[in-house]
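Residue-level listing of the chains:
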Amino acid sequence: QETDRRFQETDRKFQETDRKFQETDRKFQETDRKFQETDRKFQETDRKFQETDRKFQETDRKFQETDRKFQETDKKIKEVTSLVGSLGGRWGEFVEGLVAPACETLFAERGIPVHQVFHNLKAGLPGGRNMQIDLLVTNTDTVAVIEVKSRLTNEDVRDHLTRMAEFKEFFPMYAHMRAMGAMAGIVIDQDVDRQVMNAGFYLIVQSGDTVQLANEPSFQARLW
(Lines give C-alpha, C1' and ligand atoms only; values in the text may rest on other atoms or scores of the structure.)
Protein backbone atom coordinates (compact mmCIF):
# COMPACT_ATOMS: atom_id res chain seq x y z
CA GLN A 1 0.00 0.00 0.00
CA GLU A 2 2.85 2.32 0.82
CA THR A 3 4.42 1.58 -2.54
CA ASP A 4 1.14 2.23 -4.31
CA ARG A 5 0.76 5.48 -2.45
CA ARG A 6 4.27 6.55 -3.48
CA PHE A 7 3.55 5.69 -7.11
CA GLN A 8 0.40 7.75 -7.00
CA GLU A 9 2.28 10.66 -5.42
CA THR A 10 5.00 10.37 -8.04
CA ASP A 11 2.40 10.28 -10.81
CA ARG A 12 0.70 13.34 -9.31
CA LYS A 13 4.03 15.17 -9.25
CA PHE A 14 4.72 14.20 -12.85
CA GLN A 15 1.29 15.48 -13.85
CA GLU A 16 1.89 18.70 -11.92
CA THR A 17 5.28 19.05 -13.59
CA ASP A 18 3.71 18.41 -16.97
CA ARG A 19 1.04 21.01 -16.21
CA LYS A 20 3.74 23.51 -15.27
CA PHE A 21 5.67 22.70 -18.43
CA GLN A 22 2.50 23.25 -20.47
CA GLU A 23 1.85 26.50 -18.62
CA THR A 24 5.43 27.59 -19.23
CA ASP A 25 5.11 26.67 -22.90
CA ARG A 26 1.88 28.63 -23.12
CA LYS A 27 3.62 31.63 -21.55
CA PHE A 28 6.53 31.27 -23.94
CA GLN A 29 4.09 31.16 -26.86
CA GLU A 30 2.27 34.22 -25.50
CA THR A 31 5.60 35.99 -25.05
CA ASP A 32 6.60 35.05 -28.59
CA ARG A 33 3.25 36.32 -29.88
CA LYS A 34 3.79 39.59 -28.02
CA PHE A 35 7.31 39.88 -29.44
CA GLN A 36 5.91 39.27 -32.93
CA GLU A 37 3.20 41.86 -32.32
CA THR A 38 5.80 44.31 -31.03
CA ASP A 39 7.96 43.61 -34.08
CA ARG A 40 4.93 44.17 -36.34
CA LYS A 41 4.26 47.49 -34.59
CA PHE A 42 7.91 48.50 -34.95
CA GLN A 43 7.72 47.67 -38.65
CA GLU A 44 4.47 49.65 -38.96
CA THR A 45 6.06 52.56 -37.10
CA ASP A 46 9.08 52.39 -39.39
CA ARG A 47 6.76 52.35 -42.42
CA LYS A 48 4.96 55.41 -41.07
CA PHE A 49 8.27 57.19 -40.46
CA GLN A 50 9.31 56.40 -44.03
CA GLU A 51 5.95 57.66 -45.32
CA THR A 52 6.29 60.81 -43.21
CA ASP A 53 9.81 61.34 -44.54
CA ARG A 54 8.51 60.87 -48.09
CA LYS A 55 5.79 63.46 -47.43
CA PHE A 56 8.34 65.89 -45.96
CA GLN A 57 10.51 65.43 -49.05
CA GLU A 58 7.46 65.98 -51.28
CA THR A 59 6.52 69.10 -49.27
CA ASP A 60 10.08 70.38 -49.54
CA ARG A 61 9.99 69.76 -53.30
CA LYS A 62 6.72 71.71 -53.54
CA PHE A 63 8.17 74.57 -51.47
CA GLN A 64 11.19 74.68 -53.79
CA GLU A 65 8.87 74.64 -56.81
CA THR A 66 6.75 77.43 -55.27
CA ASP A 67 9.88 79.45 -54.50
CA ARG A 68 11.05 78.94 -58.10
CA LYS A 69 7.67 80.17 -59.38
CA PHE A 70 7.80 83.20 -57.04
CA GLN A 71 11.27 84.04 -58.33
CA GLU A 72 10.07 83.62 -61.91
CA THR A 73 7.03 85.80 -61.20
CA ASP A 74 9.23 88.44 -59.54
CA LYS A 75 11.51 88.38 -62.60
CA LYS A 76 8.53 88.86 -64.92
CA ILE A 77 7.18 91.71 -62.76
CA LYS A 78 10.57 93.44 -62.98
CA GLU A 79 10.63 92.90 -66.74
CA VAL A 80 7.11 94.31 -67.13
CA THR A 81 7.95 97.26 -64.85
CA SER A 82 11.02 97.99 -66.94
CA LEU A 83 8.98 97.71 -70.14
CA VAL A 84 6.24 100.00 -68.80
CA GLY A 85 8.87 102.52 -67.74
CA SER A 86 10.41 102.39 -71.19
CA LEU A 87 7.02 102.72 -72.87
CA GLY A 88 6.14 105.60 -70.56
CA GLY A 89 9.25 107.48 -71.68
CA ARG A 90 8.52 106.80 -75.35
CA TRP A 91 4.89 107.80 -74.87
CA GLY A 92 6.07 111.10 -73.43
CA GLU A 93 8.30 111.60 -76.45
CA PHE A 94 5.35 110.81 -78.73
CA VAL A 95 3.14 113.34 -76.94
CA GLU A 96 5.83 116.02 -77.16
CA GLY A 97 6.33 115.17 -80.82
CA LEU A 98 2.58 115.64 -81.38
CA VAL A 99 2.23 118.84 -79.34
CA ALA A 100 5.36 120.70 -80.41
CA PRO A 101 4.56 120.88 -84.16
CA ALA A 102 1.01 122.09 -83.38
CA CYS A 103 2.06 124.90 -81.04
CA GLU A 104 2.61 127.50 -83.77
CA THR A 105 -0.90 127.04 -85.17
CA LEU A 106 -2.62 126.66 -81.78
CA PHE A 107 -1.23 129.86 -80.26
CA ALA A 108 -1.40 131.82 -83.50
CA GLU A 109 -5.16 131.15 -83.53
CA ARG A 110 -5.31 132.89 -80.12
CA GLY A 111 -3.37 135.92 -81.34
CA ILE A 112 -0.03 134.74 -79.95
CA PRO A 113 2.58 134.43 -82.71
CA VAL A 114 5.24 131.75 -82.20
CA HIS A 115 8.86 132.42 -83.18
CA GLN A 116 10.65 129.56 -81.46
CA VAL A 117 9.84 126.22 -79.81
CA PHE A 118 12.40 124.71 -77.43
CA HIS A 119 12.36 121.10 -76.19
CA ASN A 120 13.40 119.77 -72.79
CA LEU A 121 15.07 122.78 -71.20
CA LYS A 122 16.84 122.32 -67.86
CA ALA A 123 18.16 124.78 -65.29
CA GLY A 124 19.66 124.53 -61.82
CA LEU A 125 20.14 126.84 -58.85
CA PRO A 126 22.28 126.62 -55.69
CA GLY A 127 21.01 124.24 -53.03
CA GLY A 128 20.25 121.44 -55.47
CA ARG A 129 17.18 123.15 -56.94
CA ASN A 130 16.33 122.11 -60.48
CA MET A 131 13.68 122.78 -63.11
CA GLN A 132 12.84 121.01 -66.35
CA ILE A 133 10.59 122.43 -69.06
CA ASP A 134 9.06 120.03 -71.59
CA LEU A 135 8.29 122.67 -74.23
CA LEU A 136 8.95 126.39 -74.28
CA VAL A 137 7.23 128.62 -76.89
CA THR A 138 8.49 132.18 -77.38
CA ASN A 139 8.04 135.30 -79.45
CA THR A 140 9.34 138.81 -78.88
CA ASP A 141 7.44 139.58 -75.69
CA THR A 142 5.71 136.36 -74.56
CA VAL A 143 6.86 132.95 -73.39
CA ALA A 144 4.59 129.91 -72.85
CA VAL A 145 5.78 127.15 -70.50
CA ILE A 146 4.17 123.87 -71.57
CA GLU A 147 4.04 120.74 -69.39
CA VAL A 148 3.36 117.58 -71.43
CA LYS A 149 1.90 114.43 -69.83
CA SER A 150 0.55 111.19 -71.23
CA ARG A 151 -1.81 111.28 -68.22
CA LEU A 152 -2.71 114.60 -66.62
CA THR A 153 -3.54 114.65 -62.88
CA ASN A 154 -4.42 117.16 -60.13
CA GLU A 155 -0.88 116.87 -58.79
CA ASP A 156 0.52 117.81 -62.20
CA VAL A 157 -1.52 121.03 -62.12
CA ARG A 158 -0.20 121.92 -58.66
CA ASP A 159 3.35 121.19 -59.78
CA HIS A 160 2.96 123.43 -62.84
CA LEU A 161 1.68 126.30 -60.70
CA THR A 162 4.86 126.00 -58.62
CA ARG A 163 6.92 125.79 -61.82
CA MET A 164 5.37 128.97 -63.18
CA ALA A 165 5.92 130.84 -59.89
CA GLU A 166 9.65 129.97 -60.02
CA PHE A 167 10.16 130.03 -63.80
CA LYS A 168 11.80 133.47 -64.12
CA GLU A 169 14.09 132.70 -61.18
CA PHE A 170 15.45 129.67 -63.04
CA PHE A 171 15.38 131.34 -66.49
CA PRO A 172 16.18 135.02 -65.84
CA MET A 173 16.70 135.69 -69.57
CA TYR A 174 12.89 135.73 -69.82
CA ALA A 175 12.34 137.97 -66.78
CA HIS A 176 11.27 140.94 -68.98
CA MET A 177 8.67 138.88 -70.88
CA ARG A 178 5.08 137.90 -70.19
CA ALA A 179 4.97 134.26 -69.08
CA MET A 180 1.93 132.02 -69.39
CA GLY A 181 1.41 128.34 -68.73
CA ALA A 182 -0.07 125.51 -70.77
CA MET A 183 -0.62 121.81 -70.12
CA ALA A 184 -1.04 118.94 -72.59
CA GLY A 185 -2.35 115.43 -71.94
CA ILE A 186 -3.73 112.45 -73.83
CA VAL A 187 -5.53 110.98 -70.80
CA ILE A 188 -6.94 113.56 -68.38
CA ASP A 189 -8.25 112.59 -64.93
CA GLN A 190 -11.81 113.54 -64.00
CA ASP A 191 -12.34 117.31 -63.51
CA VAL A 192 -8.63 118.01 -64.10
CA ASP A 193 -9.46 119.88 -67.32
CA ARG A 194 -11.48 122.38 -65.27
CA GLN A 195 -8.70 122.66 -62.71
CA VAL A 196 -6.17 123.41 -65.47
CA MET A 197 -8.29 126.24 -66.83
CA ASN A 198 -9.12 127.59 -63.35
CA ALA A 199 -5.37 127.80 -62.75
CA GLY A 200 -5.16 130.09 -65.81
CA PHE A 201 -3.44 127.57 -68.10
CA TYR A 202 -4.15 126.70 -71.69
CA LEU A 203 -5.18 123.07 -72.05
CA ILE A 204 -4.01 121.11 -75.10
CA VAL A 205 -5.99 117.91 -75.75
CA GLN A 206 -6.00 115.20 -78.40
CA SER A 207 -8.41 115.58 -81.30
CA GLY A 208 -8.24 112.76 -83.83
CA ASP A 209 -4.70 112.55 -85.19
CA THR A 210 -3.74 115.99 -83.90
CA VAL A 211 -4.29 118.28 -80.88
CA GLN A 212 -6.34 121.36 -80.10
CA LEU A 213 -6.87 123.93 -77.36
CA ALA A 214 -9.81 123.01 -75.10
CA ASN A 215 -10.17 126.58 -73.77
CA GLU A 216 -12.99 128.78 -75.02
CA PRO A 217 -11.93 131.50 -77.49
CA SER A 218 -12.68 134.10 -74.81
CA PHE A 219 -10.27 132.46 -72.33
CA GLN A 220 -7.73 134.84 -70.79
CA ALA A 221 -4.53 133.11 -69.67
CA ARG A 222 -2.95 134.04 -66.36
CA LEU A 223 0.32 135.95 -66.70
CA TRP A 224 3.43 135.68 -64.52
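Right, let's walk through the structure included here.

The rules we used
- Residues numbered from 1 in each chain as written.
- Predicted model: local features only at pLDDT ≥ 70, side-chain atom pairs only at ≥ 80, totals over all residues.
- Heavy atoms only, no water.
- Helix = DSSP H or I, 4+ residues; strand = E, 2+ residues; numbered from the N terminus.
- Expected span 1.5 Å × (residues − 1).
- Bend = angle between axes of the 7 residues up to and from the residue.
- Buried < 20%, exposed > 50% of the residue type's maximum accessible area, 1.4 Å probe, protein only.
- Contact = heavy atoms within 4.5 Å.
- 1 Å grid on protein atoms, 1.4 Å probe; cavity = no way out; pocket = protein on both sides within 12 Å on 5 of 7 lines; lining within 4 Å.
- Points joined across faces, edges and corners; volume = space filled by probe spheres on them.
- Nonpolar A, V, L, I, M, F, W, Y, C, P; charged D, E, K, R; others polar.
- Salt bridge = Lys/Arg side-chain N within 4 Å of Asp/Glu carboxyl O.
- Pairing = 2+ DSSP bridges.
- Axes fitted to C-alpha atoms, helices over the stretch in contact; angles between N-to-C directions.

Counting along an α-helix, one turn takes 3.6 residues, and residues three or four places apart therefore face a common direction. Spanning 17 residues, helix α2 (residues 154-170) covers 24 Å between terminal C-alpha atoms, matching the ideal 24 Å at 1.5 Å per step. At Met164, α2 shows its strongest bend, of approximately 35°. Turning to α2, its buried residues are Asp156, Val157, His160, Arg163, Met164, Phe167 and Phe170. Buried residues along α2 sit against β1 (116-125), β2 (129-138), β3 (142-152), β4 (178-188) and α3 (192-198).

Moving on: empty space enclosed by the protein. Here the structure, examined in full by the defined rule, presents one cavity of 30 Å³ or more. Roughly 40 Å³ of internal volume is contained in the largest cavity. Every residue lining the largest cavity is listed: Phe107, Ile112, Pro113, Val114, Val137, Thr138, Asn139, Thr142, Val143 and Ala144. Within the residue set of the lining of the largest cavity, elements represented by two or more residues are β2 and β3. Looking at which element gives the most residues to the lining of the largest cavity, the answer is β3, with three residues. Tallied by class, residues from the lining of the largest cavity come to seven nonpolar, three polar and no charged.

Our focus in this paragraph is the pattern of salt bridges. Side chains that differ in sign of charge can pair as their charged atoms come close. The full count for this structure, using the stated rule, is 14 salt bridges. Ionic pairing is found between Arg33 and Glu30, a salt bridge with its closest N-O pair at 2.6 Å. Of this pair, Arg33 and Glu30 are both found in helix α1 (residues 2-108), three residues apart, which corresponds to roughly one turn of the helix. On the basis of relative accessibility, which here comes to 30%, the residue Glu30 falls in the partly exposed class. The partner of Glu147 in a salt bridge is Lys149, with the nearest N and O atoms 3.5 Å apart. On the basis of relative accessibility, which here comes to 6%, the residue Glu147 falls in the buried class. Here the salt bridges do not stand alone but share partners, grouping Arg129, Glu166 and Glu169 into one network.

Take unusual backbone geometry next. Its identity is not glycine, yet Asn120 carries a phi of approximately 50°, on the positive side. Checked against the element boundaries, Asn120 lands in strand β1. One non-glycine residue, Asp191, adopts positive backbone phi at about 70°. As for its placement among the helices and strands, Asp191 is situated in the loop between β4 and α3. Looking at Asp191, the relative accessible area reads 42%, which means it is partly exposed.

It is worth spelling out the sheet that holds β2 at this point. On the basis of which strands lie adjacent, the open sheet formed by six strands has the order β1-β2-β3-β4-β5-β6 and mixed pairing. A single partner strand is all that each edge strand has here, and the edge strands are β1 and β6 (210-213). Adjacent strand axes in the sheet meet at a mean angle of 35°, parallel and antiparallel pairs treated alike. As paired elements, β1 and β2 share nine bridges and run antiparallel to each other. Bridge pairing in β2 places Gly124 opposite Asn130. Each of β1, β2, β3 and β4 touches α2; the most contacted strand, β2, lies at about 90° to it.

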